[in-house]
Amino acid sequence: MTAGDATLWLVVLAGGLGTFALKASFVVVVGRVDEIPPGLERALEFVPAAVLAALVVPAVVVVEPTATVLPAVAYSPKLPAAALAALVAWKTENVPATITVGMLALWTLEAL
Amino acid sequence: MSARADALDGVRAISPFLLGVVPFGLVYGVTAVDRGLPPTVAAAMSAVVFAGAAQLAAVELLARGAPAAVVVATILVVNLRYPMYAASIAPHFRAFSSRWRAFLAYLMTDQAYAVALVDYQEHDRSPSRRKWYFVGAAATLWVAWQLSTITGVLVGAQVPPGLSLEFAIPLTFLTLLVPNVKGAPSAVAAVVGGVGTVVGTNLPYDVSLVVAALLGVVAATALEVTRNDPNDAPAGDGS
């Protein structure tokens with residue numbers, strides 16, 4: 001953590017205002033805009049898949065920045081644990097079940 | 001029905017989701033403090049930003065010393081799904097005053113949206129019923145999120161290391177990701193977003209998540225447009 005307190009509060013405030021603008025967007029202006037433009041709607045449909053994968057993948061492998069173009073990527077037991085959890089998520093769509101199976105799988109793999 | 005009964009219906013509908021939200025909030029609080037975020041900032045972010053995935057991504061970037069502008073940009077990209085929710089729920093909020101709409105928008109979450117839309121689509125509800133149902137569902141989740149993140153912040157220091165509890169975060173995202181991957185274009189979005197973020201680790205200013213996620217959306221949209229070419233078979237036939 002290198003950011004000072006003022007910077008941190010600025011991030012919270014700007015992130016909060018921006019998030020509210022996104023949440024309120026079509027809800028507040030609905031009097032004037034009835035429908036989201038179809039092209040934009042189609043693009044926004046893919047945002048959850050792209051963003052959520054971008055949050056998951058770096059967290060299940062070991063990624064080290066390097067001085068070259070590509071980073072160093074190494075295996076982590078989190079990868080097979082996450083794969084198993086993904087299977088549970090796909091079958092059950094149940095958050096507690098997915099977390100439980102994933103954590104147990106990771107602890108088991110780490111203990112081996 | 002009375003406003004109270006309508007709100008209680010909303011509370012009941014959202015309750016099962018709290019099983020996922022509470023551990024998520026605890027993990028956020030614990031992680032934020034563990035990564036060096038001051039407890040007050042960590043708790044304030046829950047109230048001001050009120051978007052779990054974005055908050056966790058922000059904590060990760062702040063811990064790595066990313067510039068403030070990149071952290072804010074990442075929060076916004078992670079929350080780009082909200083205009084989509086807003087657009088689809090807006091017709092049901094049409095009868096409310098702007099002030100009410102703004103308040104309901106602030107309370108919007110993945111879970112509240114999902115629960116409310118199902119109710120609105122299955123029943124022809126009065127505006128008052130729609131409003132209080134949403135308040136009951138969304139405010140319940142808000143309270144659960146604030147209490148669980150504050151609890152996480154407070155116990156953060158006492159959690160023994162070596163339990164790899166931070167792994168609960170990608171696992172939570174995984175449960176949200178899986179139902180969003182349906183069909184080739186969304187799979188492309190996920191692969192480009194996920195692999196791209198790793199490949200782009202060395203990009204300056206930690207912009208790899210923002211760049212990779214946007215590239216994923218662009219690639220998926222391009223594929224969808226190609227597939228929907230009028231000369232081709234209709235989309236959705238799985239070919």
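Source: prediction; values computed, not measured.

A. Representation of the overall build of chain B. Each helix and strand in chain B was counted, giving 12 helices and 0 strands. The C-alpha atoms of chain B give 20 Å as radius of gyration, which agrees with the globular expectation for 239 residues (18 Å, within 12%). The dimensions of chain B, computed from C-alpha atoms along their principal axes, are 60 × 55 × 30 Å. By residue count, 53% of the 239 residues in chain B fall in the buried class. For chain B, contacts bridging at least 24 residues in sequence account for 75% of all contacts bridging at least 6.

B. Local environment of the domain arrangement of chain A. Under the domain assignment, chain A is made up of domain 1 (1–45) and domain 2 (61–112). For domain 1 of chain A and domain 2 of chain A, the distance between their C-alpha centres works out to 30 Å.

C. Highlighting the nonpolar core. Ranked by size, the top nonpolar core spans 118 residues in total, and within it Ala50 of chain A together with Leu177 of chain B carry the most contacts. Ranked by residues supplied to this core, first place goes to helix 3 (residues 47–60) of chain A with 12 residues. Among all residues touching Ala50 of chain A, those that are not within four sequence positions of it are Ala189, Ala190, Val192, Gly193, Ala213, Gly216 and Val217 of chain B.

D. Examining the interface of chain B and chain A more closely. Contacts between chain B and chain A engage 83 residues on the former and 68 residues on the latter. Here the side of chain B that touches chain A takes 11 residues from helix 11 (residues 184–199) of chain B, the largest share from any one element. Here the side of chain B that touches chain A is built from residues that sort into 61 nonpolar, 17 polar and 5 charged.

E. Region of interest: the packing of helix 5 (residues 95–111) of chain A against helix 10 (residues 168–177) of chain B. Packing of helix 5 of chain A against helix 10 of chain B brings their axes to within 9 Å, and their N-to-C directions diverge by 135°. If you check the angle between helix 5 of chain A and helix 10 of chain B, you find them oblique. Our pair here, helix 5 of chain A against helix 10 of chain B, has a crossing hand that is right-handed. Side by side, helix 5 of chain A and helix 10 of chain B meet where Val95, Thr98, Ile99, Gly102 and Met103 of chain A of the first sit next to Ala168, Leu171, Thr172, Leu174 and Thr175 of chain B of the second. Within the contact of helix 5 of chain A with helix 10 of chain B, the residues separate by chemical class into 6 nonpolar, 4 polar and no charged.

F. Fine view of the confidence of the model for chain B. All names here are of chain B. Averaged over every residue, the pLDDT of chain B is 88; the share at 70 or more is 95%. For the stretch residues 233–239, pLDDT sits under 50, and the model shows 3 contacts to residues farther than four places along the chain or on other chains. What the predictor reports for the complex is a pTM of 0.82 with an ipTM of 0.84.

G. Up close: the environment of Val218 of chain B. Residue and element names in this part refer to chain B. Tracing the backbone shows Val218 in helix 12 (residues 208–227). Exposure remark for Val218: the 15 C-beta atoms within 10 Å place this residue in the partly exposed category. The spacing of Val218 and Val188 is 30 residues in sequence and 9.8 Å in space, taken between C-alpha atoms.

H. Quick look at the domain arrangement of chain B. Residues and elements named next belong to chain B. Considered domain by domain, chain B is made up of domain 1 (3–162) and domain 2 (181–239). Each of domain 1 and domain 2 has a C-alpha centre, and these two points are 26 Å apart. Domain 1 puts 9 residues into the contact, and the matching count from domain 2 is 7 residues. Taken together, the elements giving at least two residues each to the side of domain 1 that touches domain 2 come down to helix 4 (52–63) and helix 5 (68–78).

I. The arrangement of helix 1 (residues 3–14) of chain B in detail. Residue and element names in this part refer to chain B. Its 12 residues place the ends of helix 1 17 Å apart at the C-alpha level, agreeing with the 16 Å of an ideal helix rising 1.5 Å per residue. For helix 1, every residue scored as buried is listed here: Asp6, Ala7, Gly10, Ala13 and Ile14. Each buried residue of helix 1 lies within a common arc of 115° when the element is viewed along its axis, so the set occupies one face. In helix 1, the exposed residues that point more than 90 degrees away from the buried face are Arg4 and Ala5. In the core, the buried residues of helix 1 are packed alongside helix 8 (110–122) and helix 9 (127–155).

Reading the values: rules and limits
Residues numbered from 1 in each chain as written. Chains lettered and ligands numbered in written order. Predicted model: local features only at pLDDT ≥ 70, side-chain atom pairs only at ≥ 80, totals over all residues. Helix = DSSP H or I, 4+ residues; strand = E, 2+ residues; numbered from the N terminus. Rg over C-alpha atoms; globule rule 2.2 N^0.38 Å. Buried ≥ 20, exposed ≤ 12 C-beta atoms within 10 Å, placed from the backbone. Contact = placed C-beta atoms within 7 Å. Domains from an automatic or database assignment. Core = buried A, V, L, I, M, F, W, Y, C linked by C-beta atoms within 7 Å. Nonpolar A, V, L, I, M, F, W, Y, C, P; charged D, E, K, R; others polar. Axes fitted to C-alpha atoms, helices over the stretch in contact; angles between N-to-C directions. Parallel < 35°, antiparallel > 145°, perpendicular 65-115°, else oblique. Left-handed = near helix turned anticlockwise from the far one by under 90°. pLDDT = per-residue confidence, 0-100. Expected span 1.5 Å × (residues − 1). Arc of directions from axis to C-beta.

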